[in-house]
Every structure is written in C-alpha cells, then in structure tokens.
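Here is what each chain is made of, one letter per residue.
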Amino acid sequence: MQKSQARIKPALVYNRNADKSNGGVSLKVLPNPVKTSATIQYTLANMGKVNITIYNYLQQPVKVLANGDGAAGFHTITWDGRNTNGTNAISGLYRVVAIIDGKSYNSFAGNQ
C-alpha cells in the first residue's frame, strides 16, 4: 500500500529585502508568512521587459511566472507552490527573481 503525499504549501520566510524599491520599480512578496500561496507584487514606473522566475537553493529555475513586456503600473502574480511540470515543489528555500529591463530584484520564499 502506498502512502498518500500531502500537498506542500508555500510559506515565506523573513527577508529584509522582501520589499525592494529602486528606480521606479518595486517588488514585494507577501503575505509573510503564507500558508497556501505566495503573491508577488511589482510596480513598474514605465513599460519594460519583465521576467519573474522562482529558483531553488541550487539556483535552478523552478517556474517562470512572467516573461515578456510589462505595462507601467501595479501587477500581481501568484505562485501556487508548483514547478513548471505542475508537481508540488519540495520543502525548502526558494528565491524569487524579477529581472526588469535588465536589472535584478530578489526576495525569498520557502516551502514548509
């Protein structure tokens, strides 16, 4: 008989860079901590290229949440704790990287 595996829910860990503003760009991951999903909020002062990717502790990409042109203004994206294949991510620390017009903004998310 095979044991059933419970779905791992993402939870954010404290990070002093969780809300980072620079040059008209703002990145925030919340709530801190979460139990069911992580919401990534970002604000663009101007239209620009946006890539938001979740990386594991080995710096391997887990899931791309956004990749393309972003309009100026406020945006939200939700990470449901799954990888690109739709499989639940394992427990651990994850890095949220937003590359906006070639500049990198970081925060961290963890699964427990």
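Overview of the structure. Along every chain, residues carry numbers that run from 1 in the direction the sequence is written. The predicted origin of the model limits local features to residues at a pLDDT of at least 70 and limits the giving and counting of side-chain atom pairs to 80 or more, whereas totals for whole chains, interfaces and linings rest on all residues. Only hydrogens and water are removed before side-chain values are computed, so all heavy atoms of the structure are retained for them.

This part covers the overall build of the chain. Put simply, DSSP H or I for four residues or longer makes a helix, DSSP E for two residues or longer makes a strand, and each gets a number counted from the N terminus. Looking only at helices and strands, the chain has zero helices and nine strands in total. Mapped in sequence order, the helices and strands of the chain form the string β-β-β-β-β-β-β-β-β. Only protein chains enter the accessibility calculation, which uses a 1.4 Å probe. A residue is then buried if its area is under 20% of the maximum for its type, exposed if over 50%, and partly exposed in between. Here the chain, with 112 residues, has 38% of them falling under the buried criterion. With the model as given, the accessible surface of the chain reaches about 6700 Å², and the carbon-plus-sulfur share is 51%. The protein chains shown are the only cover counted for residues, whose accessible areas, like all others here, come from Shrake-Rupley with a 1.4 Å probe.

With that settled, consider the nonpolar core. The nonpolar core is taken to be a set of buried Ala, Val, Leu, Ile, Met, Phe, Trp, Tyr and Cys residues, with the residues joined through side-chain atoms within 4.5 Å. Within the largest apolar cluster, 20 residues are counted, with the highest numbers of intra-cluster contacts made by I40, Y42, I52 and W79. For this core, the secondary-structure elements that each account for two or more residues are β3 (25-30), β4 (38-44), β5 (48-55), β6 (61-70), β7 (73-79) and β8 (92-100). In what follows, a contact means two residues having at least one pair of non-hydrogen atoms within 4.5 Å. Ignoring any residue separated from it by four or fewer positions in sequence, one finds I52 in contact with I40, Y42, K63, V64, L65, A66, I77, V96, V97 and A98.

Time to look at the environment of T78. Along the chain, T78 turns up in strand β7. The sequence separation of T78 and V29 amounts to 49 residues, and the corresponding C-alpha distance is 9.5 Å. When neighbours within four sequence positions are excluded, T78 is seen to be in contact with S37, A38, T39 and L65.

So, on to unusual backbone geometry. Positive phi values are uncommon outside glycine, yet Q59 reaches one of about 65°. Taking the relative accessible area as the measure of exposure, Q59 reaches 40% and is therefore partly exposed.

Coordinates in, geometry out; function isn't part of it.
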